[in-house]
Structures are given as C-alpha cells and as structure tokens.
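Structural characterization, general
Each chain is listed here by its residues.
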Amino acid sequence: ETGVTQSPTHLIKTRGQQVTLRCSSQSGHNTVSWYQQALGQGPQFIFQYYREEENGRGNFPPRFSGLQFPNYSSELNVNALELDDSALYLCASSLDVRAPNSPLHFGNGTRLTVT
Amino acid sequence: LAKTTQPISMDSYEGQEVNITCSHNNIATNDYITWYQQFPSQGPRFIIQGYKTKVTNEVASLFIPADRKSSTLSLPRVSLSDTAVYYCLVGAYSGGYQKVTFGTGTKLQVIP
C-alpha cells in the first residue's frame, strides 16, 4: 500500500511569486484535502477535492486554488505569495468523501518559505 | 464546527499511562471524535476514532462519556518515542465534505 507522497519537501519563494505543490493520494483513496500548518499551530483546512472538483473550502482567499486529476492526485497553487504564507503544507487523502468519518492519511508536507 | 480544548502540554515518565482529555462542549450529533499524533516535520498520523463509550486498539484507548462533551485519549506505558503533539478532532461528513478542525494540540514530553 503506497502512502501519501508530497513534492517538493522544501521550497523557497519570493513574495509575489506563485507556487505549485503536488500530492499523490494513498492507493484506493479518491478524496484529497489540503492543510496549512504554521509553526506551533494545528493544521488549518484549506479545501477538499472529490471527483476532480472542490467540494469544501476553509477560510482561505481565492489566490489559494487547487486541482485534482483523474488518478486522484492533486495540486495546490498559491498566487501572489505573502510572507504569512510561509508554513508546512499538508496533503491528506481519505477513502471516500461519502464514507462517514473515514480517517485522514497525511503526507509529510512541503515546507514553504516566503522571503 | 465544534471547537476543541486540550491542555497545551504534558510531561510523563517512561512506562507510565498518559491520559489526555479534550473538551468539545458543542459537539454535534453526527460528529465523531478522532485523535492524531504528529512528530516534528511529519504529517499527523491517525491514532483512534470513536463516537461514544470506549474504543480500544493496539496503541491507545479512547473514552467518551455519555454526554460526549469531552473525550480522553489513554496511552498505556509510554516510551520516549511517544513524545509528540496529539490532536483531538471533532467532525463529520456533512454538506458533501468532511469538516474537521484541528486545535493547537497537546505537546507530550516523555521523560526517561
């Protein structure tokens, strides 16, 4: 069973730039969600994708966008980067959005630093 | 979304049982309670999930009283490798997606 993998592991960007983070879901999982974790804080829900469509979103501006592909992998795009976007970005997959409370399986994240 | 409250940190000696309590006063009828463990620079890892009463697996037990306004994660005989942040989550599949909220977690330090 292949777990959730994320790339890259670390990234340094300049304020105003754009970034794309990638995630491969665990085999058999069709639902992917993204979280932002600032230092010393718990993960904050960004959005969730199911069947290649965003079907839930947290309190994040539109410059945070995503995609899900037919193989259930996903991308997180952030435009016009701000210093406060520096964080660990976590991807989580789950068995099926329709399966009540199926546990989240997380990758080890991408550490984004914005200078 | 139900808000959760946990102690910020706890210390325990190796070999002891550790109990971490989480308060979730406004838990909804459909909400489940899930606990995750997170090591530095890693993603959270699922530990245990329950709805009511007691759930036990190979690594932990989860106690949920009848009113479900709190829950207690019990780790038997902790070791140094259990040093981590533990998150209590309350959420449910609702409105087409899983709504879950992470709090700030409890930082457990296991002492030799």
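This text goes with the structure placed above it.
In this report, we go over the structure that sits alongside the text. (Residues numbered from 1 in each chain as written. Chains lettered and ligands numbered in written order. Predicted model: local features only at pLDDT ≥ 70, side-chain atom pairs only at ≥ 80, totals over all residues. Heavy atoms only, no water.)

A short note on the packing of aromatic side chains
Note the threshold: Here is the rule: rings of Phe, Tyr and Trp (six-membered ring for Trp) pair when centre to centre is within 6.5 Å. Planes less than 30 degrees apart are stacked, more than 60 are edge-to-face, and the remainder are tilted. With a 1.4 Å probe rolled over the protein chains alone, any residue whose accessible area is under 20% of its type maximum counts as buried; one over 50% counts as exposed, and the rest are partly exposed. Helical segments are the DSSP runs of H or I of at least four residues, strand segments are the runs of E of at least two, and each set is numbered from the N terminus. Charge-over-ring contacts are defined here by two conditions on Lys NZ or Arg CZ: a distance within 6 Å of the ring centre and an angle within 35 degrees of the ring normal.
In this structure the tally under the stated criterion is 11 aromatic pairs over all chains. Ring geometry for Phe47(A) against Tyr49(A): centres 5.3 Å apart, planes inclined by 90°, an arrangement best described as edge-to-face. Taken as a pair, Phe47(A) and Tyr49(A) share a single burial class, namely buried. Here the aromatic rings of Phe106(A) and Tyr36(B) are separated by 5.9 Å at their centres, their planes lie at 90°, and the arrangement is edge-to-face. Residue Phe106(A) is found in strand S10 (residues 105-106), and its partner Tyr36(B) is found in strand S3 (residues 32-38); the two belong to separate chains. The ring of Tyr51(B) has Arg68(B) lying over it, and the distance from NZ or CZ to the ring centre is 3.9 Å.

Concerning the pattern of salt bridges
Residue and element names in this part refer to chain A. Rules: When a carboxyl oxygen of Asp or Glu lies within 4 Å of a side-chain nitrogen of Lys or Arg, that pair is called a salt bridge.
Within this structure, the stated rule accounts for four salt bridges over all chains. Glu82 is paired through a salt bridge with Arg63; the nearest N and O atoms lie 3.3 Å apart. Of the two residues, Glu82 sits in the loop between strand S8 (74-78) and strand S9 (87-94) while Arg63 sits in the loop between strand S6 (53-57) and strand S7 (64-68), which places them 19 residues apart along the sequence. By relative accessible area, which is 16% here, Arg63 ends up buried. Residues Arg63 and Asp85 are paired through a salt bridge, measuring 2.8 Å at the closest nitrogen-oxygen approach. Of this pair, Arg63 sits in the loop between S6 and S7 while Asp85 sits in the loop between S8 and S9, and the two are 22 residues apart along the sequence. Both residues of the pair, Arg63 and Asp85, count as buried. Through salt bridges with shared partners, a single ionic network connects Arg63, Glu82 and Asp85.

Let's talk about the interface of chain B and chain A
Going by this rule: Residues count as neighbours in contact if any of their non-hydrogen atoms are within 4.5 Å of one another. A simple way to read buried area is as the amount of 1.4 Å-probe accessible surface that goes missing from two parts once joined, with both sides added. In the analysis that follows, any N or O atom pair within 3.5 Å is treated as a polar contact, provided that within protein one partner can donate a hydrogen and the other can accept it, and provided that, for residues neighboring in sequence, both atoms belong to side chains. Residues are grouped as follows: nonpolar covers Ala, Val, Leu, Ile, Met, Phe, Trp, Tyr, Cys and Pro; charged covers Asp, Glu, Lys and Arg; every other residue, Gly included, is treated as polar.
In this complex, chain B contributes 21 residues to the contact, which on the side of chain A involves 25 residues. Summing both sides of the interface, chain B and chain A together bury roughly 1,800 Å²; the carbon and sulfur share of this comes to 50%. Here chain B and chain A share zero salt bridges between them. The interface formed by chain B and chain A holds six residue pairs in polar contact (both at pLDDT 80 or more) in total. Those elements that place two or more of their residues in the side of chain B that touches chain A are S3, strand S4 (45-50), strand S8 (84-94) and strand S9 (97-102) of chain B. A breakdown of the residues in the side of chain B that touches chain A according to their chemical character gives 10 nonpolar, 11 polar and no charged.

Describing the sheet that holds strand S5 (residues 53-56) of chain B
Residue and element names in this part refer to chain B. For clarity, the threshold we go by: Strands were regarded as paired on the criterion that DSSP finds at least two bridges between them. Only the stretch in contact is used when a helix axis is fitted, and all axes are lines through C-alpha atoms; the angle between N-to-C directions ranges over 0 to 180 degrees.
Across the sheet, which stays open at both edges, the four strands sit in the order S2-S7-S6-S5 with antiparallel pairing between neighbours. Single-partner strands in this sheet number two, and they are strand S2 (18-23) and S5. Direction aside, the axes of adjacent strands within the sheet are offset by 15° on average. As defined by bridge partners, strand S6 (residues 61-64) adjoins strand S7 (residues 70-75) across three bridges and the pair is classed as antiparallel. Note on S7: the bridge partner recorded for Leu62 is Leu73.

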